[in-house]
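Geometric and topological summary
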Amino acid sequence: MQADPSTSSTSSNDEHHLVEHLVRSDRVLDGSFLQVRRDTVRLPHGGEATREYVVHPGAVVVVPLLDDGRVLMERQYRYPVGRVMTEFPAGKLDAGEAPLRCGQRELLEETGYTAREWAYAGAMHLAIAYSTEVIHVYFARGLQAGAQQLDVDEFLDVCALAPADLLEGCCSGAVTDAKTLTCCLWLQNVLSGAWTLDWKPAADSAD
């Protein structure tokens, strides 16, 4: 349904009255994973304002479809919100890494599964007010179980849910992870036939 991912974008002529222009950029924090910047921008009416935001390398989330109709999920403790979350397998892009390769790597490392076929669904901006993060959404099918390859500081449980149960969790508030909620929109429409995917064999799916 979608072309392969690209994070570049341009503003059309009729959007110029909305665009803010960079005046100065200051680094507030250089972390091992994230950066925080404080930029001064010129507003469309000529005034100035400050924008604070997180610079993120980008990420991939995978919707793994099991042959029995269930989807593969994870349960993982997320420290910033202080709770165990139900979510689809996901992870950040390494420097220079193609999104598909990241998805294949994260699926294997976190769940132990590999997939015979992959399809790119699209991209989402997770927190447009304060982060540059773009998450690429992939579907995977023809799953083959194997051994997890978790990092020494990574702890998670793998589970499988029927789509109806997952969607009920979204409705009830049991599932609140933003990327997983977005993936559930995709899942619902793909399963209904409303949205289509361009499936490719794993070996032929390189970006």
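Residues numbered from 1 in each chain as written. Predicted model: local features only at pLDDT ≥ 70, side-chain atom pairs only at ≥ 80, totals over all residues. Heavy atoms only, no water.

Quick notes on the pattern of salt bridges
For clarity, the threshold we go by: A carboxyl oxygen of Asp or Glu within 4 Å of a side-chain nitrogen of Lys or Arg is what we treat as a salt bridge. Throughout this description, buried means an accessible area under 20% of the type-specific maximum (1.4 Å probe, protein chains only), exposed means over 50%, and partly exposed covers the range between.
If you walk through the whole model with that rule in mind, you get 14 salt bridges. Where arginine 105 meets glutamate 97, a salt bridge forms, and the shortest distance between an N and an O atom there is 2.8 Å. The buried category is assigned to glutamate 97, whose relative accessible area is 18%. With a shortest N-O distance of 3.0 Å, lysine 179 and aspartate 177 are connected by a salt bridge. Its relative accessible area of 14% is what places aspartate 177 among the buried residues.

A word on the pairing of strand β5 (residues 71–78)
The following threshold applies: At least two bridges found by DSSP between two strands is the condition for calling them paired. Numbering of helices and strands starts at the N terminus; helices are DSSP runs of H or I of at least 4 residues and strands are runs of E of at least 2.
The pairing of β5 with strand β10 (residues 156–161) spans six bridges and is classified as antiparallel. What sits directly across from arginine 75, in β10, is aspartate 157. Once β5 ends, the chain turns through four residues before running back antiparallel as strand β6 (residues 83–87), passing glycine 82 with a positive phi of about 65°.

Observations regarding the packing of aromatic side chains
Threshold: For Phe, Tyr and Trp, where Trp contributes only its six-membered ring, two rings pair if their centres lie within 6.5 Å, and the inter-plane angle classes them as stacked under 30 degrees, edge-to-face over 60, or tilted in between. The criterion is that NZ of a Lys, or CZ of an Arg, lies within 6 Å of the ring centre and within 35 degrees of the ring normal, and then a charge sits over that ring.
The final tally for this structure, using the stated rule, is three aromatic pairs. Where tryptophan 118 meets tyrosine 138, the ring centres are 6.4 Å apart and the plane angle is 70°; that geometry is what we call edge-to-face. Here tyrosine 138 lies in strand β9 (residues 134–144) and tryptophan 118 lies in strand β8 (residues 114–125), a separation of 20 residues in the sequence. Each member of the pair, tryptophan 118 as well as tyrosine 138, carries the same accessibility label: buried. Considering the side-chain rings of tryptophan 186 and tryptophan 195, the 4.7 Å spacing of their centres and the 70° angle between planes classify their relative orientation as edge-to-face. Through successive ring pairs, a cluster of aromatic residues spans Trp118, Tyr120 and Tyr138. Between the NZ or CZ atom of arginine 141 and the centre of the ring of tryptophan 199, over which it lies, the distance is 4.0 Å.

Everything listed here is a matter of coordinates, which is why it stays silent on function.
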